[in-house]
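Okay, here's what each chain looks like letter by letter:
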Amino acid sequence: MTAAENVCYTLINVSSDSEPPSEVSLKTDLEKGEIKAKTEALKKVIIMILNGEKLPGLLMTIIRFVLPLQDHTIKKLLLVFWEIVPKTTPDGKLLQEMILVCDAYRKDLQHPNEFIRGSTLRFLCKLKESELLEPLMPAIRACLEHRHSYVRRNAVLAIYTIYRNFEHLIPDAPELIHDFLVNEKDASCKRNAFMMLIHADQDRALDYLSTCIDQVHTFGDILQLVIVELIYKVCHANPSERARFIRCIYNLLQSSSPAVKYEAAGTLVTLSSAPTAIKAAAQCYIDLIIKESDNNVKLIVLDRLIDLKDHPTHERVLQDLVMDILRVLSTPDLEVRKKTLQLALDLVSSRNVEELVIVLKKEVIKTNNVTEHEDTDKYRQLLVRTLHSCSVRFPDMAANVIPVLMEFLSDTNEAAAADVLEFVREAIQRFDNLRPLIIEKMLEVFHAIRTVKIYRGALWILGEYCSTKEDIQSVMTEIRRSLGEIPIVEHEIKKETGEVKAEDEVSAAPVQKLVTEMGTYVTQSALSSSRPLKKDEDRPPLRGFLMDGDFYVAASLATTLTKVALRYVAIVEEKRRQNSFVAESMLIMVTVLHLGKSSLPKKPITDDDVERISLCLKVLSECSPLMNDIFNKECRKSLSHMLAIRLEEEKLSQKKESEKRNVTVQADDPISFVQLTAKNEMTSKEDQFQLSLLAAMGNTQRKEAADPLASKLNKVTQLTGFSDPVYAEAYVHVNQYDIVLDVLVVNQTSDTLQNCTLELATLGDLKLVEKPSPLTLAPHDFANIKANVKVASTENGIIFGNIVYDVSGAASDRNCVVLSDIHIDIMDYIQPAACTDAEFRQMWAEFEWENKVTVNTNITDLNEYLQHILKSTNMKCLTPEKVGNGAIMVNSV
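The shown structure was predicted, so the numbers you read here are calculated from the model rather than taken from an experiment.

Criteria and thresholds
Residues numbered from 1 in each chain as written. Predicted model: local features only at pLDDT ≥ 70, side-chain atom pairs only at ≥ 80, totals over all residues. Heavy atoms only, no water. Helix = DSSP H or I, 4+ residues; strand = E, 2+ residues; numbered from the N terminus. Buried < 20%, exposed > 50% of the residue type's maximum accessible area, 1.4 Å probe, protein only. Contact = heavy atoms within 4.5 Å. Areas by Shrake-Rupley, 256 points an atom, 1.4 Å probe, with all protein chains shown as cover. Core = buried A, V, L, I, M, F, W, Y, C linked by side-chain atoms within 4.5 Å. Phe/Tyr/Trp six-rings, centres within 6.5 Å; stacked < 30°, edge-to-face > 60°. Lys NZ or Arg CZ within 6 Å of the ring centre and 35° of its normal. Salt bridge = Lys/Arg side-chain N within 4 Å of Asp/Glu carboxyl O.

K.L.:
In this structure, what is going on with the overall build of the protein? I would like to understand it.
P.N.:
Scanning the protein from terminus to terminus reveals 40 helices and 15 strands. Counting across all 893 residues of the protein, residues that qualify as buried make up 43%. Taking contacts inside the protein between residues at least 6 apart in sequence as the whole, the part at least 24 apart equals 65%. In the form shown here, the protein has an accessible surface area of approximately 48400 Å², with 52% of it arising from carbon and sulfur atoms.

Okay, here's the thing in structure tokens:
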């Protein structure tokens, strides 16, 4: 804000579509119009002054014809008008007309209507001219004794503001307000009076508090909040006073007002670091989170609990409250649950991990029983990850967790099932004693898995860790059960022609194939009645994936069959049984290959998958020791190496966190004694109330606070040249999703510029919120124009435009000055954040990083099509992908 800019407290939005009225028409309405016409005219005058118009000719008209009126709407509008209208001459002296205005407001301060008195007192708080206020002081003092509390509390505010700005006008204000406070009964009046004493005369405020400190819990919440602030400020400046007020703060923790409890808990933490005080404050925070319905409040209070946890001496106290913290999980909001689970995970120890796991298991089961909500799957995912972390840190808990989580492998939500699979993979590698349990549970749920990604992971785990003959036979049984009748092609053709009916096939389900001691298969089935199924529903899971054209799972199946077959050969000594098992594995691979080459699947098998399956067939046909080592040892070594690296990274991050929390004290550091500490040293800590106020105002960056002028100048963009008739520059203020352009426009000519309008447009995902209003610039005058731009997505943007205006008295067309472009950098509104590898991959997959164009062509060979494209175009980087039915998807990178 420049020094010459008028201070404005009231902002009024106005539509820029209508033309501004002339000064003559406004003067006529103000002089001769009815009450309604005068009201509308006064509104237009206020809007024009706010937009930079100078209307000195209307000042006396308003004093003569509008100021005497008793209409309440007009009186409210006059308060706004006198707030914004210039009250001094160019040389800084008060206008003579303001004496009449002062007399009018002296009468309003003695008006019988309490609303007019109170609103006038509020208006006086905004005046910066002591010459106007001095004649009004007796009337303002008299308002302290008015019968209505609305007048009295505004009188206190007026006296406080006048004392702060012009102490010589009312030097005895602290004594006057102290006497008023002692005799006052209204809570709002007492609050305002006490607030003034805190900032104007803290000793008097303490004297009053000492007389009623035992009755503080009976006061209203607005007065209790101010008392908490006073106690904090006093103890912050003089720590020796803590013992005097700590009992009062303890009592305020039981207040009926959530705001008072929140502030009292925060103040108690700063006053005392004793375990009882920290526990009482933390318990108060937890109660607030549970009882408050606003999710924003819950998140704010959770942040305070997290701050407590980060203190090295407070963590042990909070560990005893983990079960109370978990009560917050009853909140349906996902963000609240996420923070709560992270906090509980940070506080878990060997003393409370068992109780934590029990609660989390119950929550997981609840998510399976409740009606599906949009956040239920995400919440289940959070619970799985938390249980995963608990099991890694406390291996004894894994046996209790795994049976519950394994049920969710068949979940339709792929993300939650993927987290369970990742946990199972890590657990089966790290905990040898749990492998039989995990294999058993995996075999139980294997047939119910319905997502191909989870199916591939489950196949890999079974193939890698089934080491006994019985487990290997069970794996083969489940694979045959999931694959259905083979050969697949012949069976599907028979179904198409009607030789095999789907109803007849499923009537003998479920089918279980068992391997006898001779190495042959027998089928055990039970007849059951079933409803007729649709064509796609009657297929077993694995066959369904293959018929949909997903042959990547076929490559995983071939690898799994190769592993278990090689292991079976090593375990079983009888040659016939070895050959029978290997032949069965090879038969499955061959029938999958046959299916992929046929026209039955929706998509044909890819060359990579064919090569992988063929390699597995070759390995089983040769059974060399080298291939045996590669399939059954090297794969597990790779997994072990990856998990070891991840564990090292987790330990390193935990070590860094602990180093941050630990307060290291050197042997030669000086010892601080409170009794010997100077007052200025004791107040070295920052005032939390002041920091909260700065955060609410958006001034949280301390580097800018150190040199605000330099930081602002770095954001100023010159829009026009110094030789242009209109000079313009913009201060670009970026606030996360909003960009505010404060444009300074200077008329460098000797002419009056009318309808001077800033026209802006944007490129990228930026949106202009409202069109700036036109204004009139006197010769060599200047004005500030503000424009708001909304950020819609995270990408760079450009703001461009021009300034158009008319020259007063000239008959020429509108003049235009083109502005320089303002480049909005993405880094101005992006803030750093952390995410896991899985979350990063998921978000990466959701973004469309390539431009895909589908073309229809008769060419079926990808290489031939690519050569054709390269010859006919200049495109140098194309990645073809066959879609099917003669179409080819070309990804231009």
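K.L.:
I'm lost on the nonpolar core in this one. Help?
P.N.:
What tends to happen in soluble globular proteins is that the nonpolar side chains get buried as a cluster. Formed by 210 residues in total, the largest nonpolar core has its most connected members in Trp82, Ile140, Phe194, Leu305 and Leu546. Per-element accounting of this core gives the leading share, nine residues, to helix 31 (residues 552–571). Setting aside anything within four residues of it in sequence, one finds Ile140 in contact with Leu109, Leu121, Leu124, Ala155, Ala158, Ile159 and Ile162. Ranked by size, the runner-up nonpolar core spans 30 residues in total, among them Val732, Ile785, Val817 and Ile824.

K.L.:
Is there a simple way to think about the packing of aromatic side chains in this case?
P.N.:
Given two aromatic rings, one states the distance between the centres and the angle between the planes to describe the pair. By the definition in use, this model includes nine aromatic pairs. An angle of 40° between the planes, with centres 4.7 Å apart, marks the rings of Phe446 and Tyr455 as tilted. Here Phe446 matches Tyr455 in class, with each residue buried. Positioned over the ring face of Tyr160 is Arg164, at 5.1 Å from the centre of the ring. Here Arg337 stacks its cationic end above the ring of Tyr379, 3.8 Å away from the centre of that ring.

K.L.:
Could you clarify how one ought to interpret the environment of Ala274 in this entry?
P.N.:
Mapped onto the elements of the fold, Ala274 is located in the loop between helix 15 (258–271) and helix 16 (275–291). Judged by relative accessible area, which is 29%, Ala274 ranks as partly exposed. C-alpha of Ala274 to C-alpha of Thr313: the two residues are 39 residues apart in sequence and 9.3 Å apart in space.

K.L.:
Honestly, the pattern of salt bridges in this entry has me stumped. Any pointers?
P.N.:
Should their charged atoms come close, side chains of opposite charge can pair. Here the structure, examined in full by the defined rule, presents 25 salt bridges. Residues participating in the shared-partner salt-bridge network are Asp103, Arg106 and Lys107.

K.L.:
Looking at this structure, I do not really get unusual backbone geometry. What am I missing?
P.N.:
Most peptide bonds take the trans configuration, and most residues that are not glycine carry a negative phi. Following Ile486, the chain continues to Pro487 via a peptide bond in cis, the omega torsion being -5°. Mapping Pro487 onto the fold places it in the loop between helix 27 (469–483) and helix 28 (488–497). Phi at Asn755 is positive, roughly 50°, even though this residue is not glycine. If you trace the backbone, Asn755 turns up in strand 6 (residues 753–763). Although it is not a glycine, His780 adopts a positive phi angle of roughly 60°. Checked against the element boundaries, His780 lands in the loop between strand 8 (775–777) and strand 9 (782–791). The exposed category is assigned to His780, whose relative accessible area is 53%.

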